[in-house]
Amino acid sequence: MDEITIDDIPALTLGAGVLATGGGGEPFVPRLMVEEALRRHGPVPLVQPGDLDADGLLLPLAVVGAPTAFAERFFNGSEPQAALTALERHLGRKGVGVLPIEVGGGSTLLPIAAAAELGLPVVDADTMRRAFPRGELTHFHLAGIPASPIVLVDTAGNRAIIEATDNPTAERLARAAVTAMGMIAVGALYPVTAAQADAHAIHGSLTYCAEIGRHVRAIQEGAPDGYPGLLATTGGRIVFTGKIIDLDRRTEDGWARGTVTLDDLDGADRTLRIDFQNENLVASEDGVPLVTTPDLISLLDVETGTPMTTETLGYGQRLTVLALPAHPRWHEPDGIELAGPRAFGYDLDYVPFGGQDD
């Protein structure tokens with residue numbers, strides 16, 4: 001792709017649902033926002049970081065908050081561009097492009113809407129190649145790039161600017177602010193030059209997201225090559241197919257936390273438990289970990305092929321559980337230390353699920 005048109009949004013939405021791994025919030029409202037922006041302003045150029053002025057300022061953007069709050073509070077449409085223009089004013093510089101922080105859920109779609117509104121290109125890259133629940137879980141952080149200054153804009157138009165001494169502190173301060181904002185906001189963070197993004201961002205992420213979405217659409221249409229195509233593209237595999245028999249979900253400290261338990265759909269004596277903190281982080285069969293963060297755990301509805309978010313899970317749902325390999329950078333020792341299961345408080349080591357890239 002060399003531009004994003006309104007016809008690309010369905011595939012991007014489905015791909016973002018898979019890469020959101022349960023987080024990112026319900027994509028319905030962000031999809032409406034980006035489609036409306038593209039209707040009014042036309043296609044958005046899709047560029048590589050190296051296509052831009054090396055010293056030019058990129059404006060990264062993400063949704064911040066608890067996915068369960070997204071079902072009750074809605075963006076009014078002005079938050080993405082308000083966050084980015086506030087960041088420009090704070091820095092005293094104009095941006096040359098918009099960069100998604102993550103390709104997962106609304107954080108994939110809102111940067112495209114903001115780029116359309118601001119008349120800027122969107123960069124075909126991100127900093128995670130998935131969704132993660134904390135702002136320091138990025139390749140930029142691994143490269144020593146500060147997240148600050150951070151601009152947060154909520155649905156009422158309130159704005160907060162955070163300058164922190166390090167990225168974990170920036171995350172804690174931002175999380176506290178978002179909790180006060182009703183647990184949902186748009187954040188502009190990690191302002192970088194195009195040269196920094198060229199060196200440290202994950203290239204091709206929006207293209208990859210759209211490709212995943214096209215395979216999911218094939219699954220939804222009953223195409224026999226739907227799942228084989230998805231697994232071949234991602235290097236993933238199906239680890240379980242089951243029905244939800246137990247669900248513990250709560251919102252605390254700005255996160256949706258809990259567990260979901262599935263019984264094997266074919267009646268075998270197997271049970272899978274998934275632990276989540278916004279995103280699905282650990283999948284264990286009968287107490288034995290099968291898949292752990294930073295690899296991806298995504299849930300697709302058996303009947304509809306819809307990628308399921310944390311807040312849409314319910315008793316009796318029948319789900320296909322996919323494991324997808326994380327970007328190889330996450331499998332390096334510092335990547336595992338930053339985004340492995342122990343980083344989220346689970347007393348276990350990273351477990352490769354097999355059939356992946358390393």
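As a reminder, the structure under discussion sits directly above these lines.
Each chain has its residues counted from 1, running along the sequence as written. Two thresholds apply to this predicted model, a pLDDT of at least 70 for residue-level local features and 80 or more for giving and counting side-chain atom pairs, whereas whole-chain, interface and lining totals are computed over all residues. Calculated side-chain values reflect all of the structure's heavy atoms, with hydrogen atoms and water omitted.

Undergrad: Mind showing me how you'd approach the pairing of strand β2 (residues 44–47) here?
TA: If a strand is regular, its side chains alternate between the two faces of the sheet. A pair of strands is labelled paired if DSSP reports no fewer than 2 bridges between them. Secondary structure elements follow DSSP: runs of H or I of four or more residues count as helices, runs of E of two or more count as strands, with numbering from the N terminus. Pairing geometry for strand β1 (residues 3–4) and β2, over two bridges, is antiparallel. Across the sheet, Glu3 pairs through a bridge with Pro45, a residue of β2. Where β2 lies against strand β5 (residues 122–123), two bridges are found, and the strand directions are parallel. Note that in β5 the partner of Val47 across the bridge is Val123.

Undergrad: What is the right way to look at the packing of helix α9 (residues 205–220) against helix α10 (residues 226–234) in this model?
TA: Axis lines are fitted through C-alpha atoms, for helices just across the contact stretch, and the angle between N-to-C directions can take any value from 0 to 180 degrees. The N-to-C vectors of α9 and α10 enclose an angle of 160 degrees; their axes lie 7 Å apart at closest approach. By the criterion of interaxial angle, the relationship of α9 to α10 is roughly antiparallel. As α9 runs across α10, the sense of the crossing is left-handed. Where α9 approaches α10, its residues Tyr208, Glu211, Ile212, His215, Ala218 and Ile219 are matched on the opposing element by Gly226, Tyr227, Gly229, Leu230, Thr233 and Thr234. Residue polarity follows a fixed list, in which Ala, Val, Leu, Ile, Met, Phe, Trp, Tyr, Cys and Pro are nonpolar, Asp, Glu, Lys and Arg are charged, and the others, Gly among them, are polar. Here the contact of α9 with α10 is composed, by residue class, of six nonpolar, five polar and one charged. These descriptions rest on fixed angle ranges, namely under 35 degrees for roughly parallel, over 145 for roughly antiparallel, 65 to 115 for roughly perpendicular, and the rest for oblique. By the definition used in this description, the sense in which the near helix is turned from the far one sets the handedness, with an anticlockwise turn below a right angle giving left-handed and a clockwise turn giving right-handed. Between two residues, a contact is recorded if the distance between any of their heavy atoms is within 4.5 Å.

Undergrad: I keep staring at unusual backbone geometry and nothing clicks. Help me out?
TA: Working note: non-glycine residues mostly have negative phi, and peptide bonds are mostly trans. For the peptide bond that leads from Ser148 to Pro149, omega is 0 degrees, which places it in the cis range. Relative to the elements of secondary structure, Pro149 occurs in the loop between α6 (139–142) and β7 (150–153). Backbone geometry at Asn278 places phi at a positive 65 degrees, although glycine is not the residue there. Tracing the backbone shows Asn278 in the loop between β14 (271–277) and β15 (279–285). Per-residue accessibility, obtained with a 1.4 Å probe over protein chains only, is compared with the maximum for each type, and a residue is labelled buried under 20%, exposed over 50%, and partly exposed between these values. Residue Asn278 is classed as buried on the basis of its relative accessible area, which comes to 3%. For Asp286, which is not a glycine, the phi torsion comes out positive at approximately 50 degrees. Relative to the elements of secondary structure, Asp286 occurs in the loop between β15 and β16 (288–292).

Undergrad: Sorry, what's going on with the packing of helix α2 (residues 28–41) against helix α5 (residues 106–118) here?
TA: The description of two helices packed together rests on the angle between their axes and the distance between the axes. α5 packs onto α2 with a crossing angle of 25 degrees between their chain directions and a minimal axis gap of 8 Å. Between α2 and α5, the interaxial angle falls into the category roughly parallel. As α2 runs across α5, the sense of the crossing is left-handed. Across from Pro30, Arg31, Met33, Val34, Ala37, Leu38, Arg40 and His41 in α2, the residues of α5 making contact are Gly106, Leu109, Leu110, Ile112, Ala113, Ala116 and Glu117. Grouping the constituent residues of the contact of α2 with α5 by class yields 10 nonpolar, two polar and three charged.

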